[in-house]
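Here is how the chains run, residue by residue.
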Amino acid sequence: MSALRQSASSSASEDDQRYAGMDEKKRKRMISNRESARRSRMKKQKLLQDLTGEVNRLQGANKNIVVKIEETTERYAICAAQNNVLRAQAMELTDRLRYLNDVINSTGLAVYVAADPLLKPLQTPCSMQPIASSGLFKF
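Per an unreviewed UniProt entry, the chain goes by the name BZIP domain-containing protein and belongs to Anisodus acutangulus. Recorded under Subcellular location (unreviewed entry), the UniProt text for the chain is reproduced unchanged: "Nucleus".

Novice: Just checking my understanding: could you explain the overall build of the chain for this structure?
Specialist: Of regular secondary structure, the chain possesses two helices and zero strands. Here the chain, with 139 residues, has 7% of them falling under the buried criterion. The contacts of the chain with a sequence gap of at least 6 include a subset with a gap of at least 24, amounting to 50%.

Novice: Quick question: what am I supposed to make of helix α2 (residues 24–107) here?
Specialist: Each α-helix turn comprises 3.6 residues. Residues three or four places apart therefore point the same way. Taking 1.5 Å per residue as the helical rise, α2 with its 84 residues ought to reach 124 Å, and the 121 Å between its terminal C-alpha atoms agrees with that figure. For α2, the full list of buried residues reads R27, I31, E35, A90, T94, N101 and I104.

Thresholds applied
Residues numbered from 1 in each chain as written. Predicted model: local features only at pLDDT ≥ 70, side-chain atom pairs only at ≥ 80, totals over all residues. Heavy atoms only, no water. UniProt positions renumbered as here; feature names shortened; annotations may be inferred. Helix = DSSP H or I, 4+ residues; strand = E, 2+ residues; numbered from the N terminus. Buried < 20%, exposed > 50% of the residue type's maximum accessible area, 1.4 Å probe, protein only. Contact = heavy atoms within 4.5 Å. Expected span 1.5 Å × (residues − 1).

See the structure below:
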């Protein structure tokens, strides 16, 4: 900053020598205009630096946002694929349930499989009624 003041004071003294033969009022106005123009250039340069820094900051933030969007899009695609698999499985299970209900209704007999312990919860001691879909798998 002191270097700027020294160069400004030296340029002011050079201006004084240059305009020594002019009318005093005109000379002061020209010197004042030059100083004003110098301050304006410095202000413009600082604004340019500030804006350049802001551009760099915003570009970095934009890159981060783009990366997050790409990651989210990838996760969405994975979830959509899993959802499609689950929907297909639900439809298959719903079709199986309808088929089993049709078998039970058409035969009127209860299917008893003692060898498979996993099927025991499906065997009820009361009269056999068709298993109704809960409607959870509506698409």
